[in-house]
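# Coordinates in review
Below are the chains, spelled out letter by letter.
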Amino acid sequence: MSDDIEAFFVALPARGRAMLPPRVRGTLRVDLVTHGSTDHWYVDLRAADQVVVNRDVRAADAVLTTTPAVFVRLVRGESPATAVLLRNEATLVGDARLILAFRRYFPPPRGTGDPREGAQRRALHGQAWRERLRAGLV
């Protein structure tokens, strides 16, 4: 198993529930399948202020199944979780709200940002805006 995957799950309890919507509660099991063997990670998001992670193999509200290579891409921010699901590189069974909330723990893909920040950088401000108004270019 990849060190990136291990580090991701070990760090989850310290990150807590601050990134999750308050109403999202449940359990998520991540099954990482490699050549006939499966590694399991059980993530409990039911507590109000903490995230509990262990290696239990038990029923969960949602089960995400993929390969370690795909999950490493998620953990490194190389692929967004929704794209991985839509490309059938992973499957989800159960409560889809849990993976939609859980994906907030994954870093955003490189080069992405808030579109409002990009628009603000390109927008004309101050004197340049007033000059365009006077010239009738706006």
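As a starting point, this report considers the structure included with it. (Residues numbered from 1 in each chain as written. Predicted model: local features only at pLDDT ≥ 70, side-chain atom pairs only at ≥ 80, totals over all residues. Heavy atoms only, no water.)

## Structural notes on the layout of surface pockets
There is about 160 Å³ of room inside the largest pocket. Looking at the largest pocket, the residues that line it are Ser 79, Pro 80, Ala 81, Thr 82, Arg 103, Arg 104, Phe 106, Pro 107, Pro 108 and Pro 109. The class makeup of the residues in the lining of the largest pocket is six nonpolar, two polar and two charged. (1 Å grid on protein atoms, 1.4 Å probe; cavity = no way out; pocket = protein on both sides within 12 Å on 5 of 7 lines; lining within 4 Å. Points joined across faces, edges and corners; volume = space filled by probe spheres on them. Nonpolar A, V, L, I, M, F, W, Y, C, P; charged D, E, K, R; others polar.)

## Structural notes on the environment of Pro 109
When you line up the elements, Pro 109 lands in the loop between helix 4 (96–102) and helix 5 (115–122). Taking the C-alpha atoms as reference points, Pro 109 and Asp 61, 48 residues apart in sequence, are found 27 Å from one another. Residue contacts for Pro 109: discarding those within four places in its chain leaves Gly 77, Ser 79 and Pro 80. (Helix = DSSP H or I, 4+ residues; strand = E, 2+ residues; numbered from the N terminus. Contact = heavy atoms within 4.5 Å.)

## What to know about the packing of helix 1 (residues 3–15) against helix 2 (residues 68–76)
Two elements in contact, helix 1 and helix 2, have axes whose closest approach is 9 Å; the angle formed by their N-to-C orientations is 55°. Judged on the interaxial angle alone, helix 2 and helix 1 are oblique. The hand of the helix 1/helix 2 crossing is left-handed. Touching Asp 4, Ile 5, Phe 8 and Phe 9 of helix 1 are Pro 68, Phe 71, Val 72, Val 75 and Arg 76, all from helix 2. Of the residues contributing to the contact of helix 1 with helix 2, the split by class is seven nonpolar, no polar and two charged. (Axes fitted to C-alpha atoms, helices over the stretch in contact; angles between N-to-C directions. Parallel < 35°, antiparallel > 145°, perpendicular 65-115°, else oblique. Left-handed = near helix turned anticlockwise from the far one by under 90°.)

## Here's the deal with the packing of aromatic side chains
Summed over the entire model, instances satisfying the criterion amount to nine aromatic pairs. Relative to Phe 106, the ring of Phe 71 lies with its centre 5.7 Å away and its plane at 80°, an arrangement referred to as edge-to-face. Here Phe 106 lies in the loop between helix 4 and helix 5 and Phe 71 lies in helix 2, a separation of 35 residues in the sequence. Side by side, Phe 71 and Phe 106 carry an identical accessibility label, which is buried. Here the aromatic cluster, defined as three or more aromatic residues joined through ring pairs, consists of Phe 8, Phe 9, Trp 41, Phe 71, Phe 102, Tyr 105 and Phe 106. The ring of Trp 41 has Arg 55 sitting right over it, with the charged end atom 4.0 Å from the ring centre. (Phe/Tyr/Trp six-rings, centres within 6.5 Å; stacked < 30°, edge-to-face > 60°. Buried < 20%, exposed > 50% of the residue type's maximum accessible area, 1.4 Å probe, protein only. Lys NZ or Arg CZ within 6 Å of the ring centre and 35° of its normal.)

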